[in-house]
Amino acid sequence: MWPPPPPAGREIVQRWIAEQRPDVLLMIYNDHVTSFFFDHYSAFALGVGERWQVADEGALGSAVDRVLTEHVKVVEDFRAGKKAALGFLVGQVMKATQGKANPALVNRLLIEKLPKG
């Protein structure tokens, strides 16, 4: 059968990932058949799906900087005490990354980069 079924126990791994939400996951999987095609097989082998969140602070930092530059009025609102402005900015970064960013990381980066009022 091709592709071969995922390794047994993947539900345990899926549950752990859902609970722990790691920023980085390194998996080494080598059965001497699929290792040649690993770049096309890793999500299937792990059994967690095709959607991965961007957790690269450098890449997200650029998106955050761009959103802060484009939404000066919202930044001013945040500095004036309107905490809902933060949610709007998180949404704009998520939109800029096509929903692939890690929202918790985006939130943290925004708070670090927002000018203190």
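As shown above, the structure is provided for reference.
Predicted, not measured: the structure shown is a model, and the values here were computed from it.

A.B. asks: With reference to specific residues and values, describe the overall build of the chain.
C.D. replies: Along the chain, the regular secondary structure elements total six helices and zero strands. The helix and strand sequence of the chain, counted from the amino end, reads α-α-α-α-α-α. Counting over 117 residues, the chain shows a buried share of 31%. Contacts in the chain between residues far apart in sequence, at least 24 positions, make up 62% of those at least 6 positions apart. Accessible area for the chain stands at about 8,000 Å²; split by element, carbon and sulfur atoms hold 58% of it.

A.B. asks: Break down the nonpolar core for me, with residues and values.
C.D. replies: The biggest cluster of nonpolar side chains holds 20 residues, and the ones touching the most others in it are Leu-68, Leu-89, Val-106, Leu-110 and Leu-114. Broken down by element, this core gets its largest block of residues, six residues, from helix 5 (residues 84-96).

A.B. asks: Requested: an account of the packing of helix 5 against helix 6 (residues 103-113), with residues and values cited.
C.D. replies: Direction vectors running N to C along helix 5 and helix 6 enclose 120°, while the axes themselves pass 10 Å from each other. By the angle between their axes, helix 5 is oblique relative to helix 6. The handedness of the crossing between helix 5 and helix 6 is right-handed. Where helix 5 approaches helix 6, its residues Leu-86, Leu-89, Val-90, Val-93 and Met-94 are matched on the opposing element by Pro-103, Val-106, Asn-107, Leu-110 and Ile-111. Taken together, the residues of the contact of helix 5 with helix 6 sort by class into nine nonpolar, one polar and no charged.

What counts, and at which threshold
- Residues numbered from 1 in each chain as written.
- Predicted model: local features only at pLDDT ≥ 70, side-chain atom pairs only at ≥ 80, totals over all residues.
- Heavy atoms only, no water.
- Helix = DSSP H or I, 4+ residues; strand = E, 2+ residues; numbered from the N terminus.
- Buried < 20%, exposed > 50% of the residue type's maximum accessible area, 1.4 Å probe, protein only.
- Contact = heavy atoms within 4.5 Å.
- Areas by Shrake-Rupley, 256 points an atom, 1.4 Å probe, with all protein chains shown as cover.
- Core = buried A, V, L, I, M, F, W, Y, C linked by side-chain atoms within 4.5 Å.
- Axes fitted to C-alpha atoms, helices over the stretch in contact; angles between N-to-C directions.
- Parallel < 35°, antiparallel > 145°, perpendicular 65-115°, else oblique.
- Left-handed = near helix turned anticlockwise from the far one by under 90°.
- Nonpolar A, V, L, I, M, F, W, Y, C, P; charged D, E, K, R; others polar.

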